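Per-entry structural report
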Amino acid sequence: MRAFRISAPASSANLGAGFDAVGIAIEIRITAEVRERAPGLANRWTYRGAHAPTHDGLRTCIEAGIAALAPSAPPLDVDLDNAIPLGAGLGSSAAAYAIGVAIGAQFAPATIEDDVQARAVAALEGHPDNALAAWYGGAVVAATGDDGLTSIRFPPPDVRAAVVVPSIVLPTAEARALLPQTYARADVVHNIQRAALLGAALAAGRIDLLRAAVRDTLHQPYRAAAIPGLREALALEDPALAAVALSGAGPSVLALVFGDPRPVAARIAACFERAGVASTVLTPALAASGVSMTLAEPATGSA
Ligand SMILES: Nc1ncnc2c1ncn2[C@@H]1O[C@H](COP(=O)(O)OP(=O)(O)OP(=O)(O)O)[C@@H](O)[C@H]1O
Ligand SMILES: N[C@@H](CCO)C(=O)O
């Protein structure tokens with residue numbers, strides 16, 4: 001009976017101008033302790049952690065990942081420990097799909113190459129920026145469409161993260177519905193210039209370029225209408241601030257910070273507070289590794 005532990009990190013998609021293209025992994029994780037059960041038994045799921053699931057949303061993502069690679073997987077005992085705030089723009093669904101695919105690979109009829117697994121996560125998640133950051137860790141740039149999926153991964157920049165999670169509910173679908181169908185050429189050119197700069201800055205480790213590279217005209221200004229305090233947070237100036245952006249579809253804000261991230265996090269939280277919105281502050285490291293698996297102790301007794 002196989003038993004192992006799999007974890008996957010949170011992620012912050014976009015980094016401003018890299019809308020739907022850039023993602024960065026954050027050292028806040030979903031961890032699954034997985035044990036194979038005897039044939040004929042049902043799956044058994046337990047939930048815990050700072051953001052313990054209260055319904056089967058994450059489980060559904062994990063099961064889809066397992067089914068994509070191993071439709072005939074044996075019954076499993078899965079103990080899910082979640083530290084990623086849910087539905088907050090921090091890639092909890094991408095982490096869950098990544099865990100599911102990694103479990104599925106363990107029970108697939110043949111060995112599945114790593115990049116095939118990564119593509120499966122991206123296909124299930126629908127957003128390669130979150131999906132590949134969860135899978136590979138570090139920072140990723142991804143392009144997807146009729147020409148398939150092309151991506152590159154970089155080590156995370158040498159900064160700390162400040163993640164401020166406002167107590168606003170903004171489902172990804174709603175945050176996307178706020179965006180216009182068409183854009184002015186000047187806004188598109190603005191983002192192309194900065195997204196190209198962002199990719200180059202990540203590739204070259206030029207943290208000093210990030211502040212300029214993340215400025216966005218395609219999604220953050222529109223999403224700000226649903227996130228009181230966001231405009232002010234994105235306009236913050238601070239010598240310790242390497243970059244500040246809406247995290248994914250929001251409502252969380254990610255700041256990349258030189259040195260102690262707490263003062264910058266407090267300034268972002270104050271922007272929300274002035275707008276009448278409470279928030280929670282996290283100061284995680286950026287995650288250099290994505291999905292990781294370790295073998296667990298052999299089961300003792302019960303199936
Ligand atoms: N209370 C909950 N218990 C279990 N699962 C939840 C709960 N709330 C949300 N979920 C699940 O968490 C996932 C949230 O995914 P969603 O794509 O909306 O946001 P996210 O992954 O946190 O952020 P983003 O994709 O914008 O970075 C969904 O799969 C949803 O079903
Ligand atoms: N790039 C996506 C991320 C959603 O998880 C967006 O901004 O809508």
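Calculation notes
Per chain, the residues get numbers from 1 upward, laid out in the order the sequence is written. Starting at A for chains and at 1 for ligands, labels are handed out in the order in which the entities are written. Local features are withheld for residues below a pLDDT of 70 in this predicted model, meaning they are given only at 70 or higher, and side-chain atom pairs are given and counted only at 80 or more; totals for whole chains, interfaces and linings count all residues. Each side-chain value is derived from all of the structure's non-hydrogen atoms; neither hydrogens nor water enter the calculation. Only protein atoms enter the 1 Å grid used here. Points where a 1.4 Å probe fits but cannot escape make up a cavity, open sets with protein on both sides within 12 Å along at least five of seven lines make up a pocket, and a residue lines them when an atom lies within 4 Å of a point. Grid points are joined across faces, edges and corners, and a volume is the space filled by probe spheres set on the points. Only DSSP runs of H or I with at least four residues qualify as helices, and only runs of E with at least two residues qualify as strands; both kinds are numbered from the N terminus onward. Segmentation of the chain into domains, including their bounds, is taken from an automatic or database domain assignment. All amino acids are sorted into three groups, where Ala, Val, Leu, Ile, Met, Phe, Trp, Tyr, Cys and Pro are nonpolar, Asp, Glu, Lys and Arg are charged, and the leftover types, Gly among them, are polar. Any residue with at least one heavy atom within 4 Å of a molecule or strand is counted as near it. Counting of polar contacts relies on pairs of N or O atoms within 3.5 Å, with two restrictions inside protein: one atom must be capable of donating a hydrogen and the other of accepting it, and residues adjacent in sequence are counted only when both atoms are side-chain atoms. Think of it this way: a molecule belongs to a cavity or pocket when more than half its atoms come within 2 Å of the grid points there. Residue contacts are defined here by distance: any two heavy atoms, one from each residue, within 4.5 Å place the two residues in contact. Here the buried area means the combined drop in accessible surface, using a 1.4 Å probe, for two parts upon being joined, counting both sides. When a carboxyl oxygen of Asp or Glu lies within 4 Å of a side-chain nitrogen of Lys or Arg, that pair is called a salt bridge. UniProt positions are given in the numbering used here, feature names are shortened, and annotations may be inferred rather than shown by experiment.

With that settled, the discussion passes to the layout of surface pockets. Roughly 570 Å³ of internal volume is contained in the largest pocket. If you trace the largest pocket, you find 32 residues lining it, with G87, G89, S92, S93 and T172 closest to the centre. Contributing elements (two or more residues each) for the lining of the largest pocket: α1 (57-69), α2 (92-107), α4 (128-136) and α5 (172-177). Of the residues forming the lining of the largest pocket, the biggest block, 3 residues, is contributed by α1. Here the lining of the largest pocket spans two domains, and each of domain 1 (3-155 + 290-295) and domain 2 (160-282) adds at least three residues to it. Each pocket or cavity is described by its volume, and for the second largest pocket that value is around 190 Å³. For the lining of the second largest pocket, the secondary structure elements donating two or more residues are α8 (220-223) and α9 (230-234). Looking at the lining of the second largest pocket residue by residue, the classes come out as 6 nonpolar, 1 polar and 4 charged.

If you check the shell around ligand 2, you find A13, N14, F19, D20, H127, D129, N130, T172, R176, R223, G248 and A249 and nothing else. Contact distances for ligand 2 include 2.8 Å between a nitrogen atom and a side-chain N or O atom of D129. Here an oxygen atom of ligand 2 sits 2.5 Å away from a polar atom, N or O, in the side chain of R176. Using a 2 Å cut-off from the grid points, one finds that ligand 2 occupies the largest pocket. Where the shell around ligand 2 is concerned, the elements lending two or more residues are α4 and α5. Residue classes in the shell around ligand 2 are distributed as 3 nonpolar, 5 polar and 4 charged. When residues of the shell around ligand 2 are sorted by domain, at least three fall in each of domain 1 (3-155 + 290-295) and domain 2 (160-282).

Quick look at the domain arrangement of the chain now. Looking at the assigned domains, one finds that the chain contains domain 1 (3-155 + 290-295) and domain 2 (160-282). Taken together, the 23 residues of domain 1 in the interface contact 30 residues of domain 2. When domain 1 packs against domain 2, the two sides together hide about 1800 Å² of surface, and 69% of this comes from carbon and sulfur. Taken as a group, L15, A17 and F19 account for 31% of the area that domain 1 buries against domain 2, more than any other trio of residues on that side. The closest approach of N and O atoms between R176 and D20, which form a salt bridge, is 2.7 Å. Where domain 1 touches domain 2, the interface holds 10 residue pairs in polar contact (both at pLDDT 80 or more).

On to the UniProt feature "domain: GHMP kinase N-terminal" (unreviewed entry) in the chain, then. Sequence positions flagged by UniProt for "domain: GHMP kinase N-terminal" (unreviewed entry) are, in local numbering, residues 70-138. The span residues 70-138 carries 54% helix and 10% strand; its end-to-end C-alpha distance comes to 27 Å.

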